[in-house]
Amino acid sequence: MVKVLAVLYKGGQHARDEPRMYGCLENELGLREWLESQGHTYVTTDSKEGADSVLDREIIDAEIVITTPFHPGYITRERIEKAKNLKLLVTAGVGSDHIDLSAANERKITVAEVTGSNVTSVAEHVVMTILALVRNFVPAHEQIISNEWDVAAAAKNSFDLEGKVVATIGSGRIGQRVLKRLVAFDPKELLYYDYQPLSPEVEKELHARRVESLEELVSQADVITVNCPLHESTYGLVNKDLLAKFKKGAWLVNTARGAICVKEDVAAALQSGQLRGYGGDVWFPQPAPANHPWRDMRNPYGGGNAMTPHISGTSIDAQVRYAQGTKNIIETYLKGSKDYRPQDLIVIDGHYATRAYGADKTSK
């Protein structure tokens, strides 16, 4: 029989209010009855920090470990080395950068995620955040809940999205959906930067033009949205040097991974007015510490911050999809086959199964 360990976040009363919150500790991805009915052991926890955490204690003899991007249990080389029975790492959601993929490769541990489970959810969050920043929604809303009314204070930093140049760094499943949704706002131009071009047919459908230089892309755009994976080539990609090449007063949205942007550099750019706004839902580390600069940074007008907890990819609809996808991956493993959906595989048999991760993958 197999031991399965899952690291999930606490939902408390919220999990009881909404039983479809499968991604939280209380609802356990809906897997307990299914696993235990077959005689398997299922351990769930939110304890993931420090050598005395439940994760560190239980991973030693676990064969399958489930983690999520929203409350990531960082599966480091040290944890992999002491997990002698570990055969399968599953990300309940999308994004496996919290796993040491090189160490998993060396041990020939399979790493899989539920590709596509939350792409619509994230794309909608991106568009929402763009609108919130460009229209200066947050400061205007803060006026209302503070019993204030100052139209001029909110309107002086509120603009239309129509007629603006919008660019995405990354044009995969999420990036393409963002572009598709933005067409309806009649932007001046939609741009994308990626290591490989979209087909001419897709470019035409999305009204998008590829820019081969990242510096050239950001210098042209009024709005930039980050939709690429975190890997060796994108860690710290958006730093003070690149931010200096942005159009002054641009808006930046990041729902990819927090570590793609250097937090101190983003905060400084916003406070100086080089960025008019920054928004998204990804942080590093997660949960974000109380003193993280993105919690209270503001632009010179006192706005420009549209940050949320990491929620873009965990809408109720997304949780239903990634819970089912996690079950499908584990079911495939328990059958003794390797008939996984190809798009779900990150690492298998000691090799990267996708160009989205790995030292051999670079943005060009």
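Residues numbered from 1 in each chain as written. Predicted model: local features only at pLDDT ≥ 70, side-chain atom pairs only at ≥ 80, totals over all residues. Heavy atoms only, no water.

### Looking at the sheet that holds strand β11 (residues 275–280)
Part 1: With respect to topology, 7 strands assemble into an open sheet ordered β8-β7-β6-β9-β10-β11-β12, the strand pairing being parallel. Each having just a single partner strand, β8 (208–210) and β12 (305–307) make up the two edges of the open sheet. The average undirected angle you get between the axes of adjacent strands in this sheet is 20 degrees.
Part 2: Examined bridge by bridge, strand β9 (residues 223–226) and strand β10 (residues 250–254) share 4 bridges and lie parallel to one another. (Pairing = 2+ DSSP bridges. Helix = DSSP H or I, 4+ residues; strand = E, 2+ residues; numbered from the N terminus. Axes fitted to C-alpha atoms, helices over the stretch in contact; angles between N-to-C directions.)

### Section: the pattern of salt bridges
Part 1: Counted under the stated rule, the structure contains 17 salt bridges.
Part 2: The partner of Glu-106 in a salt bridge is Arg-77, and the shortest N-O contact between them spans 2.8 Å. Within this pair, whereas Glu-106 is found in helix α5 (residues 101–106), its partner Arg-77 is found in helix α4 (residues 77–82), the two being separated by 29 residues in sequence.
Part 3: For Glu-106, a relative accessible area of 58% corresponds to the exposed category.
Part 4: Given the relative accessible area of 26%, Arg-77 is considered partly exposed.
Part 5: A salt bridge links Glu-189 to Arg-209, with the shortest nitrogen-to-oxygen separation between them at 2.6 Å. Of this pair, Glu-189 sits in strand β7 (residues 189–193) while Arg-209 sits in strand β8, and the two are 20 residues apart along the sequence.
Part 6: Note on Glu-189: relative accessible area 27%, which makes it partly exposed.
Part 7: One continuous salt-bridge network, built from bridges that share partners, spans Lys-3, Glu-58 and Asp-61. (Salt bridge = Lys/Arg side-chain N within 4 Å of Asp/Glu carboxyl O. Buried < 20%, exposed > 50% of the residue type's maximum accessible area, 1.4 Å probe, protein only.)

### So, the packing of helix α6 (residues 119–134) against helix α9 (residues 173–182)
Part 1: Two elements in contact, α6 and α9, have axes separated by 9 Å at closest approach and are oriented at 50 degrees. The angle between α6 and α9 falls in the class oblique. In the packing of α6 onto α9, the handedness of the crossing is right-handed. Judged by residue contacts, Val-119, Thr-120, Val-122, Ala-123, Glu-124, Val-126, Val-127 and Ile-130 of α6 engage Arg-173, Ile-174, Arg-177, Val-178, Arg-181 and Leu-182 from α9.
Part 2: Of the residues contributing to the contact of α6 with α9, the split by class is 9 nonpolar, 1 polar and 4 charged. (Parallel < 35°, antiparallel > 145°, perpendicular 65-115°, else oblique. Left-handed = near helix turned anticlockwise from the far one by under 90°. Contact = heavy atoms within 4.5 Å. Nonpolar A, V, L, I, M, F, W, Y, C, P; charged D, E, K, R; others polar.)

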